[in-house]
Amino acid sequence: MPGSSYLDWPFFEPRHAELAAEMEAWARQQLHEDDSEDVDEACRRLVRSLGAGGWLKYTIGGTAYGAAAEKIDTRALCILRETLAQHSGLADFSFALQGLGSGAITLFGTPEQKRKYLPRVADGSAIAAFALSETDAGSDVAALQCSARAEGDAYILNGEKTWISNGGIADFYVVFARTGEGDGAKGITTFVVDAETAGFHVAERLEVIAPHPLARLEFRDCRVPAVQRIGEAGQGFKVAMATLDVFRTSVAAAALGFARRALREALRRATSRKMFGQALAEFQLTQGKLAEMATGIDAAALLTYRAAWLRDRGERVTVEAAMAKMTATETAQRVIDAAVQIFGGLGVRKNETVERLYREIRPLRIYEGATEVQQLIIARGIIKAFQEQEQPG
Ligand SMILES: Cc1cc2nc3c(=O)[nH]c(=O)nc-3n(C[C@H](O)[C@H](O)[C@H](O)COP(=O)(O)OP(=O)(O)OC[C@H]3O[C@@H](n4cnc5c(N)ncnc54)[C@H](O)[C@@H]3O)c2cc1C
């Protein structure tokens, strides 16, 4: 509705609109895209600055450990990502990874683990990473091979992880390794591994279309004390999925932020660019594009904040988070592509905002579960619910 804000939707409480306004003011003042800066240095600087600004406390849970609330407020997390993404993809990345990389500790960590890591995540003095994927275990994550063998009061890790965001700059890595209590998903355990642990090293840095720190990691007889195990042995798959249930919805929010920025850029260009004696926005073909973009954004926002709201009510949101992530990332890709088209040649000029967004959005359709994986999650969820309704007991 023109004039009203999506923050007036019934999913939100007044504090959410206040938070969005505060973050918007902070981001306008603090965030400036600078493609010439070294990406590692930029991320370190952004984590420190997000910590000093008090924003990272929304990425963890537990006020005793420096969090904004006892539980992660999913709507706050989403609003912050959405706002950051409108200003800087790298700032959104740095913010999100603090949460994804420490989420297993917030959700399943011991009080000692929480005390050791979470306050440093919240103040930006430690950088976190989430190491689940392997070369032959991406979508099929239960096929992971990195192993952890119990030996005395420690585990010995051997194997590799790849596509690990913050790889190379993280101070600690939450690592999922095979401990063999059962087959596939039933034999995985979670560990937190400090970057300086002997036997751990960054084997290769990876470059992608929207640059951020990314690496392949190797573990060679890497001895991790048993106190660094997160949750029960054999429960690692559950830990990973519970973490993703929180952060997947926030990926949808980041996609929304990129899409909103693209629509704003497209409106600015379409209303000012003159051709054939009138503004581009006066042509009905352009209006059709703009209408599709705005409607797609609202539909994606409704799904995103439904998932966030349901989770904040304590409900399981596996299907709803998958719907939100799939719809928001796919919609954002279409919206941004339309914005590039509206910009014409300028749309593909390096470092034009829409060109940057075009690169930023692409990986979001792949990581934290590619679109096809979200489709499978949704379909399995609705088939199961149908069968339970049709054949109770
Ligand atoms: C920029 C970036 C950052 C990342 N950061 C991290 C990180 O921090 N930590 C981490 O652990 N991982 C990270 N990843 C890894 C990411 O989660 C994986 O890339 C993703 O899970 C897909 O795995 P894959 O690349 O092996 O592709 P594959 O699993 O080989 O998938 C290839 C294609 O097959 C499709 N597919 C899968 N299953 C089916 C099916 N049943 N039917 C039909 N098609 C199917 C997929 O959707 C995809 O399109 C990151 C990846 C990228 C690109």
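Treat the numbers as computed from the prediction; the structure is a model and nothing was measured.

S.K.: Explain the pairing of strand 3 (residues 154–165) to me, please; I cannot follow it from the model alone.
M.R.: Where strand 2 (residues 147–151) and strand 3 come together, 5 bridges link them in antiparallel fashion. Bridge pairing in strand 3 places Glu151 opposite Ala154. For strand 3 and strand 7 (residues 214–225), the ladder comprises 9 bridges, and the chain directions are antiparallel. Pairing of Ser165 across the sheet is with Leu214, part of strand 7.

S.K.: Could you clarify how one ought to interpret the site of the ligand in this entry?
M.R.: Around the ligand, a shell composed of 17 residues is seen, among which Phe130, Ser133, Ser139, Trp163 and Glu372 lie nearest. The contact in question runs from a nitrogen atom of the ligand to an N or O atom on the side chain of Ser165, over 2.9 Å. Residue Glu372 places a side-chain N or O atom 2.6 Å away from an oxygen atom belonging to the ligand. Burial of the ligand by the protein chains amounts to 66% of its free accessible area of 980 Å². Of all elements in the fold, only strand 3 and helix 10 (371–390) reach the threshold of two or more residues within the shell around the ligand.

S.K.: What am I meant to see in the side chain of Asp73 here?
M.R.: Tracing the sequence through the fold places Asp73 in the loop between helix 2 (39–52) and helix 3 (74–87). In this structure Asp73 comes out as buried when scored by relative accessible area, which is 11%. One polar contact links Asp73 to His16, side chain to side chain, over a distance of 3.2 Å.

S.K.: When you look at the packing of helix 3 against helix 4 (residues 89–108) in this model, what are you seeing that I'm missing?
M.R.: When two helices pack together, their arrangement is given by the angle between the helix axes and by the axis-to-axis distance. Two elements in contact, helix 3 and helix 4, have axes separated by 6 Å at closest approach and are oriented at 150°. In terms of orientation, helix 3 lies roughly antiparallel with respect to helix 4. Contacts between helix 3 and helix 4 involve Leu77, Leu80, Arg81, Leu84, Ala85 and His87 from the first element and Gly89, Ala91, Asp92, Phe95 and Ala96 from the second. Looking at side-chain class alone, the contact of helix 3 with helix 4 contains 7 nonpolar, 2 polar and 2 charged residues.

S.K.: How do you make sense of unusual backbone geometry when you look at a structure like this?
M.R.: Glycine aside, the phi torsion of most residues is negative, and most peptide linkages are trans. Residue Trp163 is not a glycine yet carries a positive backbone phi of 60°. Along the chain, the position of Trp163 falls in strand 3. The exposure class assigned to Trp163 is exposed, which follows from its relative accessible area of 53%. The phi dihedral of Asp221 is positive, around 45°, even though this residue is not glycine. The residue Asp221 is located in strand 7 in this model.

S.K.: Honestly, the nonpolar core in this entry has me stumped. Any pointers?
M.R.: Side chains of nonpolar character tend, in soluble globular proteins, to be buried together. Ranked by size, the top nonpolar core spans 73 residues in total, and within it Trp55, Leu157, Phe172, Phe176 and Phe219 carry the most contacts. Broken down by element, the residue count for this core peaks at 8 residues, all from helix 4. Once you skip the residues sitting within four places of it in the chain, Phe176 turns out to touch Phe130, Ala131, Leu132, Leu144, Cys146, Lys161, Ile188, Thr189, Thr190, Gly236, Val239 and Ala240. Of all hydrophobic cores here, the second largest spans 45 residues; its members include Phe12, Leu256, Ala266 and Ile336.

Procedures and definitions
Residues numbered from 1 in each chain as written. Predicted model: local features only at pLDDT ≥ 70, side-chain atom pairs only at ≥ 80, totals over all residues. Heavy atoms only, no water. Pairing = 2+ DSSP bridges. Helix = DSSP H or I, 4+ residues; strand = E, 2+ residues; numbered from the N terminus. Near = heavy atom within 4 Å. Polar contact = N/O pair within 3.5 Å; in protein donor to acceptor, adjacent residues only side chain to side chain. Areas by Shrake-Rupley, 256 points an atom, 1.4 Å probe, with all protein chains shown as cover. Buried < 20%, exposed > 50% of the residue type's maximum accessible area, 1.4 Å probe, protein only. Axes fitted to C-alpha atoms, helices over the stretch in contact; angles between N-to-C directions. Parallel < 35°, antiparallel > 145°, perpendicular 65-115°, else oblique. Contact = heavy atoms within 4.5 Å. Nonpolar A, V, L, I, M, F, W, Y, C, P; charged D, E, K, R; others polar. Core = buried A, V, L, I, M, F, W, Y, C linked by side-chain atoms within 4.5 Å.

Just geometry here; none of it tells us what the structure is for.
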